Amino acid sequence: MLPFSSYRGHAPQGQETLCELIAFDQNKVNLFAAQVAACPPHWHESPELIVVLSGAYAINVDDRSRTIVAPGLIFINQDQVHALKALTEHSTLLTVQFGRGLFDDSHKAPVLVLNTSLPVYQAAVPAPERRATSEWTAVVQAVHALVSAQLQDPSSFEVLACIYHLLSSITKLARTLATQEPPAPEQGNDQSPRYADMRRAIDYLNRHYDQDVKLEEVAALAHMSYFHFSRMFKQICQHSFKEYLMLIRLNHAKTLLRDTSIHITDIATRCGFHDHKQFISACKKVLGMTPTEFRKVSALALRALHEQTGSSEAPNGGVTVVALQQAQAALEQAFALSPLCQLK
């Protein structure tokens, strides 16, 4: 769950794709916490659980937007287009991504609705004196147990047990409340093709951002009319087609400005802008500075980072990684969990 530049695929000529390709360790799960300012529309084959530890996020899943306020949870099914944007400064989330290796024909990846912004979940949040017996809290406790086990010994069987316990808690809670909330879209139902077409269109944009891409041709690729595609694109991506294409181009341009000495005019051409004037205008609109100013600021930030840490790695714009120990404490505070809470 990082900005555009982290979404790399095996497209022709090494181009990038918004289908996030996730690598997993031996535990087949990724567990990380971060302060994330925004995350663009994307999808991946691995389901994930997002726990909002502080602040609030506007999270868009397919064509529906929800506001998740801390403490809160949302489960993203595999292949669902989703995006998020922090609504408050320093909003922090904890993410658990479940690798495909955890599932097989007998134990398939869950497809469900778990979203604490929905009335049915808000009604299920217990009073403090009843938290220990709540199925809703059981999910949080399972996350807490997983974090604790990961910190103690990442290669232990305890971690693996916590992963499956968390999956069990998630599905149990969703099934308990399923009769009160419409189910999540099933793979292969009537809605799936249109989202598959939209994912294809988004991927096409990210592969051909440096060309003169027209809305009409991408709509045709998605098997939609001009107006239907334009409307649905805005619903899912929270940006118009023109705005979204500009953001993709600008993101690639930011990488070149930060990591190379290529002339600004050449960067504009490489990234699909009509000319350097359009590039400068886009930078001022989105970044609040010219390309030259952004390059200078990036160089200063890189130099400061190198002096502090000895690392030459550039800052990851909009994302600040949070240590798991710090996330564990935030989880306990947000959900009023005992530090001694462990999986039994």
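As a reminder, the structure under discussion sits directly above these lines.
Residues numbered from 1 in each chain as written. Predicted model: local features only at pLDDT ≥ 70, side-chain atom pairs only at ≥ 80, totals over all residues. Heavy atoms only, no water.

### A few points about the nonpolar core
Piece 1. In this structure, L49, V51, L94, F98, L166 and I170 are the most contacted members of the largest nonpolar core, which totals 40 residues.
Piece 2. Of all elements in the fold, only β1 (29-36), β3 (48-54), β6 (72-76), β8 (92-98), α2 (135-152), α3 (157-177) and α11 (324-334) reach the threshold of two or more residues within this core.
Piece 3. Residues within four places of V51 in sequence aside, it is in contact with G72, L73, T92, L93, L94, V143, L331 and F335.
Piece 4. With 22 residues, the next largest nonpolar core counts Y209, A222, I236 and L245 among its residues. (Core = buried A, V, L, I, M, F, W, Y, C linked by side-chain atoms within 4.5 Å. Buried < 20%, exposed > 50% of the residue type's maximum accessible area, 1.4 Å probe, protein only. Helix = DSSP H or I, 4+ residues; strand = E, 2+ residues; numbered from the N terminus. Contact = heavy atoms within 4.5 Å.)

### Quick word on the sheet that holds β6
In a beta sheet, neighbouring strands are held together by backbone hydrogen bonds and run either parallel or antiparallel to one another.
Piece 1. The antiparallel open sheet is built from 5 strands, whose spatial order is β6-β3-β8-β1-β9. The sheet is open, and its two borders are formed by β6 and β9 (319-322), each paired with just one other strand. Between one strand and the next, the sheet's axes are offset by a mean angle of 30°, whatever the strand orientation.
Piece 2. Along the sheet face, α11 touches β1, β3, β8 and β9 and points at about 75° away from the line of β3. (Pairing = 2+ DSSP bridges. Axes fitted to C-alpha atoms, helices over the stretch in contact; angles between N-to-C directions.)

### Thoughts on the packing of aromatic side chains
Piece 1. Here the structure, examined in full by the defined rule, presents 7 aromatic pairs.
Piece 2. Judged by centre distance (5.2 Å) and plane angle (75°), the rings of Y226 and F227 are edge-to-face.
Piece 3. With a relative accessible area of 39%, Y226 lands in the partly exposed category.
Piece 4. The structure contains a cluster of three or more aromatic residues connected by ring pairs, namely F229, F233, F241 and Y244. (Phe/Tyr/Trp six-rings, centres within 6.5 Å; stacked < 30°, edge-to-face > 60°.)

### Some details on the packing of helix α7 (residues 241-259) against helix α9 (residues 276-287)
Piece 1. At a minimum axis distance of 11 Å, the contact between α7 and α9 shows a crossing angle of 95°. Between α7 and α9, the angle falls in the class roughly perpendicular. Across from M246, L247, L250, A253, K254 and L257 in α7, the residues of α9 making contact are F279, A282, C283, V286 and L287.
Piece 2. In terms of residue class, the contact of α7 with α9 is made up of 10 nonpolar, no polar and 1 charged. (Parallel < 35°, antiparallel > 145°, perpendicular 65-115°, else oblique. Nonpolar A, V, L, I, M, F, W, Y, C, P; charged D, E, K, R; others polar.)

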